[in-house]
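Coordinate analysis (summary)
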Amino acid sequence: MKKLIVTAFSFITFGTFAQDTPSADAIIEKYLTAIGGKEAIAKIQDLTISSTSETQRGTSETEMKFKFPDRYAMSVYANGNEVMSTIYDGNKLKNNSSFGGGGGRPPMEGKEAQMAAMRSNPFSETLYDKMGITRTVVGKEKVGDKDAYKLELTTSDGKKWNDFYDVESGLKVKTYSVNETPRGKFENNVFYLNYKKFKGVDVMLPSQTKRSAGQMGEITSEVQSVKVNKGLKDSDFVIKE
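These remarks concern the structure in this document. Quick caveat, the model's predicted, so the values are computed rather than measured. (Residues numbered from 1 in each chain as written. Predicted model: local features only at pLDDT ≥ 70, side-chain atom pairs only at ≥ 80, totals over all residues. Heavy atoms only, no water.)

**Observations regarding the overall build of the protein chain**
- Counting its regular elements, the protein chain contains 5 helices and 13 strands.
- The long-range share in the protein chain, meaning contacts at least 24 apart out of those at least 6 apart in sequence, stands at 39%.
- Summed over all atoms, the accessible surface of the protein chain reaches about 14400 Å², with 51% contributed by carbon and sulfur. (Helix = DSSP H or I, 4+ residues; strand = E, 2+ residues; numbered from the N terminus. Contact = heavy atoms within 4.5 Å. Areas by Shrake-Rupley, 256 points an atom, 1.4 Å probe, with all protein chains shown as cover.)

Take a look at the structure:
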């Protein structure tokens, strides 16, 4: 009888959660509305985000360029020298690093390259249908001291990650993923903080991010400037062989 009561209580609790919880698409829609709306996002033809980061190795500068819908470039500088870069030309994605990673490997191509570029897109949620990303609400969890909906995102080849959206504001507050490397599995947590509209931009972006970085510890990044619709060209996103 006790087991029956527990089972019934669990069923009622789950039923109440399911009834009160919006769908994954509704949660994503609320987020896109919270940052400014799909119409405002659609008006952004190109975007350049410059930021500084503090790590155990010191300070670095990062410049990320996006030419929508399908161009992306990122460069990381330390002491004035480029130490890492990524370029996506709409078909191929090439990583380079002075730390010995990526420079000698061939570029990613096709769906693999598209997926890697999508994960860096500041409006990646707008691409989920095109990329065949499955969205599922897992439940609620605390992020800091606030409740957040936990979504599980799954690619067509079975890779997964979790995004967390603040229940009250609708803003995305955290991403959790696991990377498999030759050295083993590494958990990654990225926290999105202090959303705001930058000058000339009608969409809110997180002005600060904090992320775990394996052996490098925590990386804290602060956005220094955002430029929108400055006329970036396809020639700014060429992979040099």
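**Examining the environment of M131**
- Residue placement: M131 occurs in helix 5 (residues 128-131).
- For M131 and T155, which are 24 residues apart along the polypeptide, the C-alpha to C-alpha distance reads 7.8 Å.
- Excluding residues within four positions of it along the chain, M131 makes contact with K111, Q114, M115 and M118.

**Some remarks on the environment of N194**
- Within the secondary structure layout, N194 lies in strand 11 (residues 184-197).
- With 28 residues separating them in the primary sequence, N194 and E222 have C-alpha atoms 9.9 Å apart.
- Excluding residues within four positions of it along the chain, N194 makes contact with L205, P206, S207 and Q208.

**Examining unusual backbone geometry**
- Between F68 and P69 the backbone carries a cis peptide bond, its omega angle lying at 15 degrees.
- Tracing the chain through its elements places P69 in the loop between strand 2 (58-67) and strand 3 (71-78).
- Unusually for a residue other than glycine, N79 sits at a positive phi of about 55 degrees.
- Tracing the sequence through the fold places N79 in the loop between strand 3 and strand 4 (81-88).

**Quick word on helix 4 (residues 110-120)**
- Buried within helix 4 we find A113, M115, A117 and M118.
- Against strand 4, strand 5 (92-97), strand 6 (108-109), helix 5 and strand 9 (160-166) lie the buried residues of helix 4. (Buried < 20%, exposed > 50% of the residue type's maximum accessible area, 1.4 Å probe, protein only.)

**A few points about the side chain of S85**
- Structurally, S85 can be placed in strand 4.
- Residue classification places S85 among the buried positions, given a relative accessible area of 11%.
- Excluding anything up to four places from it in sequence, S85 contacts M74, S75, K94, N95 and N96.

**As for the pattern of salt bridges**
- Within this structure, the stated rule accounts for 11 salt bridges.
- For D25, the salt bridge is made with R135, and the minimal N-O distance between the two is 3.0 Å. Here R135 lies in strand 7 (residues 134-143) and D25 lies in helix 2 (residues 24-35), a separation of 110 residues in the sequence.
- According to the relative accessible area criterion, R135 is partly exposed, its value standing at 21%.
- Two residues, R71 and D234, come together in a salt bridge whose shortest N-O distance is 3.6 Å. With R71 in strand 3 and D234 in the segment after strand 13 (218-228), this pair connects stretches of sequence that are 163 residues apart. (Salt bridge = Lys/Arg side-chain N within 4 Å of Asp/Glu carboxyl O.)

**Here we look at the packing of aromatic side chains**
- Per the counting criterion, the structure on display carries 5 aromatic pairs.
- Ring geometry for Y31 and Y165: centres 5.4 Å apart, planes at 65 degrees, overall edge-to-face. Pair noted here: Y31 is in helix 2 and Y165 is in strand 9, with a separation of 134 residues, a long-range link.
- Judged by relative accessible area, Y31 falls into the buried class, the value being 4%.
- Under the relative-accessibility criterion, Y165 is labelled buried at 1%.
- By the ring-pair criterion, three or more aromatic residues cluster together here, those being F66, F68, Y72 and F123. (Phe/Tyr/Trp six-rings, centres within 6.5 Å; stacked < 30°, edge-to-face > 60°.)

**Overview of the side chain of N189**
- Note on placement: N189 falls in strand 11.
- Here N189 falls in the buried class, since its relative accessible area comes to 19%.
- Leave out the neighbours within four places in its chain, and N189 touches K174, T175, Y176, K210, R211 and S212.

**Quick look at the pairing of strand 5**
- Bridge count between strand 4 and strand 5: 5 bridges; the pairing is antiparallel. Across the sheet, T86 pairs through a bridge with N95, a residue of strand 5.
- Between strand 4 and the antiparallel strand that follows it, strand 5, lie 3 residues; G90 among them carries a positive phi value of about 100 degrees.
- With 2 bridges connecting them, strand 5 and strand 6 associate as antiparallel partners. What sits directly across from K92, in strand 6, is E109. (Pairing = 2+ DSSP bridges.)

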